[in-house]
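# Residue-level structural notes
In case you want the letters, here they are:
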Amino acid sequence: MGAILVTYKVFPEDILESFDPLKAEITNILPAASKIEGWGEEPIAFGLVALLVQVRFPEDVMGIVDEFEVELGKIKGVSQVQTFQIRRTSRDY
């Protein structure tokens, strides 16, 4: 069985000194049978930086990608979330 790799772009409401607290909150809401594959940062404008989160989901769970995006948007201090990239991998989960 394969997996789905999804990259989300998480926009904070304000400029953050550190993404560590936000990363901890994201890790806490991660669905079962999913795992974070990596983190990144993307400068937006005027010192604002978006957090990139790559998550591996099992491909046989319907709606998990969208549900996780909604949950990300509910985190305090997050202004917007975009699903940036979705790809399937045949690598074992």
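Residues numbered from 1 in each chain as written. Predicted model: local features only at pLDDT ≥ 70, side-chain atom pairs only at ≥ 80, totals over all residues. Heavy atoms only, no water.

Turning next to the packing of aromatic side chains. This model, assessed by the stated rule, comprises 3 aromatic pairs. With a centroid separation of 5.8 Å and an interplanar angle of 70 degrees, the aromatic rings of F57 and F68 are classed as edge-to-face. Residue F57 is located in strand β3 (residues 48-58), and its partner F68 is located in helix α2 (residues 64-73); the two are separated by 11 residues in the primary sequence. We note that F57, like F68, is buried. By way of ring pairs, the aromatic residues Y8, F57 and F68 are connected into one cluster. (Phe/Tyr/Trp six-rings, centres within 6.5 Å; stacked < 30°, edge-to-face > 60°. Helix = DSSP H or I, 4+ residues; strand = E, 2+ residues; numbered from the N terminus. Buried < 20%, exposed > 50% of the residue type's maximum accessible area, 1.4 Å probe, protein only.)

Under the defined criterion, the tally for this structure stands at 5 salt bridges. Among the ionic pairs, E37 bridges to K35, the shortest N-O distance being 3.7 Å. Residue K35 is classed as partly exposed on the basis of its relative accessible area of 44%. E37 is the partner of R56 in a salt bridge, and the nearest nitrogen-oxygen pair spans 3.1 Å. One end of the pair, R56, is in strand β3; the other, E37, is in strand β2 (residues 35-45), with 19 residues separating them in the sequence. When salt bridges with common partners are traced through the structure, they connect K35, E37 and R56 into a single cluster. (Salt bridge = Lys/Arg side-chain N within 4 Å of Asp/Glu carboxyl O.)

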